[in-house]
Each structure stands twice: as C-alpha cells, then as structure tokens.
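So the chains spell out like this:
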Amino acid sequence: MLRMHSLGDNYRVLVIGGSGALGQAFCAALRSDSACAQVTELGRNTTPRLDLEDPVSIAESADTLAQQGPFQLILLATGILHGPAVQPEKSLAAIEAEALRRVFQINTLGPALVLRHFLPLLSADGAMAVLSAKVGSIGDNRLGGWYAYRSSKAALNMLIKTAAIELRRQWPKARLLSLHPGTVVSPLSQPFRGAANARPAAQAAAELLAVVDESTAHDSGGFLSYNGDRLPW
Ligand SMILES: NC(=O)c1ccc[n+]([C@@H]2O[C@H](COP(=O)([O-])OP(=O)(O)OC[C@H]3O[C@@H](n4cnc5c(N)ncnc54)[C@H](OP(=O)(O)O)[C@@H]3O)[C@@H](O)[C@H]2O)c1
C-alpha cells in the first residue's frame, strides 16, 4: 500500500501513458493510496485522446482536462524504443530518417508539447515526472548504438531541464523531474533486456514514486535514477 507524503491530502494525479507497463503500475499504486482522490489516465485510447504524434490532440486534451485540475502530480510514462519500422540501430549504417523522425516525435517533440500544455495544469507546489532513460545520458554513453533512442532521450532531458528553469521562476515550490526507471519488464524492453536484471513494473513504479515523494524543489530539473541517484547528463 502506497502513501505519498509530499502531495497533501486528496491529491489528484494525471498519468499520461497509463496503458503502458510502467503507466499501469503507477495508476495501480496511486489508487492504493488513501490520500489520493483521483487518478486520471490519458493516452491514445482514452477520452479525451492524446496522441504524441498529433499535436492538436495534446493541446485539446489539456484544454479539456483543465477543468479537473490543478493536479498535484503529473506523470508522463510514454515512450518508444522499437516498433513497426523502428529498431534500435547497432551502427550508423542502420540510421533511417523515418525511424529517427518517429522516435523523436514520440520521445521528444510530443513530450515538449506536453510540457507546454500540461505544466500549466500542475498545482503550484506539485510534481511532474517524465520517464526518460539512462541510455540518454551523454556522459554515461560507453556502449554506443541505439542512436535514435539515446539522442531522443538526451534531447528530452534538455527540454525538462530548460522547462524546470522557467517553472522555478513562476512556481518556486514545483518539481519537474526526469526519471530513469531502470530495466523493467515491459513490451518496450522485452526484446532487449538482459533476462536477469529486469524488474517488475510494480516494483519500479513504487521506487520511482518514492523518488518523487522524497524530492524537493531543489531537485527540480534533475535527472534521477529509481534509487534516487542523480545521473550525469
Ligand atoms: N522498460 C524499461 O526497461 C525502460 C528502461 C528505461 C526507460 N524506460 C522508459 O519508460 C517509459 C515507459 O516505458 P514502458 O516500459 O512502460 O513501455 P510500454 O509498456 O511499451 O509503454 C509505452 C507507453 O507509451 C505510449 N505511447 C507510445 N506511443 C504513443 C503515442 N504516439 N501517443 C501516446 N502514447 C504513446 C503507449 O501507449 P499505447 O498503449 O497507446 O501504445 C504506452 O502507454 C518510456 O519512456 C521508456 O523509454 C523504460
């Protein structure tokens, strides 16, 4: 049973990407918290609908949900690593423009518009957390490969850091975090994970929510791992 302490009583949550492995686990954990008044899910199969490849749907769904806000917690749990015509590139020779475009649209450009349209729905002392990935760390890149995914997450991190600076001027108590969930059992990781080290989504979600709960405004704009470690950009 979860208990979030930093969001007050009767806090409201918006989970964008609640259909994914981590998104579902976030929703289940938060619904088990007696202090949580409401969990709203948003994605390609909800009403309103949000598709990261459709900028109008991002703006319109934010407009529609504004009446349910402000939200004390907003989680962006979407992302793509592979899919039809998208495979992580092992070498430069595998880079394809259309696959790059799609990965950047879902991992970077869509989330940029989510920041634009949904940060105004955050409570002034609330927290917004975006799922990134440690492989998006430029400083930690030792293996190479995965060009589209790595660079889309590195650019996502810059968007989060930049938005956090702007957010701090307006709402100094709010938190905007980039989170690395670790390797988690999910459709996204399934073809790639080392079988031994993938954790259940429920465990990862609980760990990430603890990181959010323990974070302060001082951490806003940070790139944090599921165990609370600050990751290098
Ligand atoms: N799993 C891991 O090991 C791991 C490791 C590091 C980082 N992460 C990050 O964690 C996040 C969640 O990953 P996951 O493992 O939970 O993946 P997942 O189970 O594959 O879930 C992906 C989510 O993204 C949504 N999505 C994809 N394209 C979308 C679009 N165009 N518009 C709106 N939503 C879209 C999916 O919605 P639909 O149901 O509509 O497809 C689904 O809700 C991702 O950002 C990923 O990069 C995961």
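None of these values were measured; they are calculated from a predicted model. (Residues numbered from 1 in each chain as written. Predicted model: local features only at pLDDT ≥ 70, side-chain atom pairs only at ≥ 80, totals over all residues. Heavy atoms only, no water.)

Draft legend 1. Broad picture of the overall build of the protein. Along the protein, the regular secondary structure elements total five helices and six strands. Scanning the protein from its N terminus toward the C terminus, one meets helices and strands in the order β-α-β-α-β-α-β-α-β-α-β. For 233 residues, the compact-globule estimate of 2.2 N^0.38 gives 17 Å, and the C-alpha radius of gyration of the protein, at 17 Å, lies within 12% of that figure. Within the span of the protein, comprising 233 residues, buried residues form 49% of the whole. For the protein, contacts bridging at least 24 residues in sequence account for 71% of all contacts bridging at least 6. (Helix = DSSP H or I, 4+ residues; strand = E, 2+ residues; numbered from the N terminus. Rg over C-alpha atoms; globule rule 2.2 N^0.38 Å. Buried < 20%, exposed > 50% of the residue type's maximum accessible area, 1.4 Å probe, protein only. Contact = heavy atoms within 4.5 Å.)

Draft legend 2. Highlighting the site of the ligand. Looking at the ligand, there are 27 residues lining it, with Ser19, Arg44, Thr78, Tyr149 and Ser186 nearest. A distance of 3.4 Å separates an oxygen atom of the ligand from a polar backbone atom of glycine 17. At a separation of 3.5 Å, an oxygen atom of the ligand approaches a polar backbone atom of leucine 131. Within the complex, the protein chains bury 88% of what would otherwise be the 900 Å² of accessible surface of the ligand. Within the residue set of the shell around the ligand, elements represented by two or more residues are helix H1 (21-31) and helix H4 (147-170). By residue class, the composition of the shell around the ligand is 13 nonpolar, ten polar and four charged. (Near = heavy atom within 4 Å. Polar contact = N/O pair within 3.5 Å; in protein donor to acceptor, adjacent residues only side chain to side chain. Areas by Shrake-Rupley, 256 points an atom, 1.4 Å probe, with all protein chains shown as cover. Nonpolar A, V, L, I, M, F, W, Y, C, P; charged D, E, K, R; others polar.)

Draft legend 3. Broad picture of the sheet that holds strand E1 (residues 11-16). Taken together, the six strands give an open sheet; going across it, the order is E2-E1-E3-E4-E5-E6, and neighbouring strands pair in parallel fashion. Whereas interior strands pair on both sides, the edge strands pair on one side only; in this sheet they are strand E2 (36-42) and strand E6 (223-225). Going across the sheet, the axis of each strand differs from the next one's by a mean of 25°, ignoring polarity. Along the sheet face, H4 touches strand E4 (122-131), strand E5 (175-180) and E6 and points at about 160° away from the line of E5. Taken strand by strand, helix H5 (residues 201-214) contacts strand E3 (71-76), E4, E5 and E6, and its axis lies near 150° from that of E5. (Pairing = 2+ DSSP bridges. Axes fitted to C-alpha atoms, helices over the stretch in contact; angles between N-to-C directions.)

Draft legend 4. Seen up close, the pattern of salt bridges. All told, the structure shown has nine salt bridges when counted by the stated rule. In this structure, the salt-bridge partner of arginine 49 is aspartate 54, at a minimum N-O distance of 3.4 Å. In this structure arginine 49 comes out as partly exposed when scored by relative accessible area, which is 38%. Measuring nitrogen to oxygen at the nearest pair gives 3.5 Å for the salt bridge that ties arginine 230 to aspartate 219. Here the residue arginine 230 occupies a position in the segment after E6, and aspartate 219 occupies one in the loop between H5 and E6, the gap between them amounting to eleven residues. Accessibility expressed as a relative area gives 49% for arginine 230, which makes it partly exposed. By relative accessible area, aspartate 219 is classed as buried at 17%. (Salt bridge = Lys/Arg side-chain N within 4 Å of Asp/Glu carboxyl O.)

Draft legend 5. Summary view of unusual backbone geometry. That bond from threonine 47 to proline 48 is cis: its omega, -5°, falls within 30 degrees of zero. Here proline 48 lies in the loop between E2 and helix H2 (55-65). In this structure, proline 70 follows glycine 69 across a cis peptide bond, with omega equal to 0°. Note that proline 70 resides in the loop between H2 and E3. Even without glycine at this site, tryptophan 146 takes up a positive phi of about 50°. Overall, the relative accessible area of 26% leaves tryptophan 146 in the partly exposed class.

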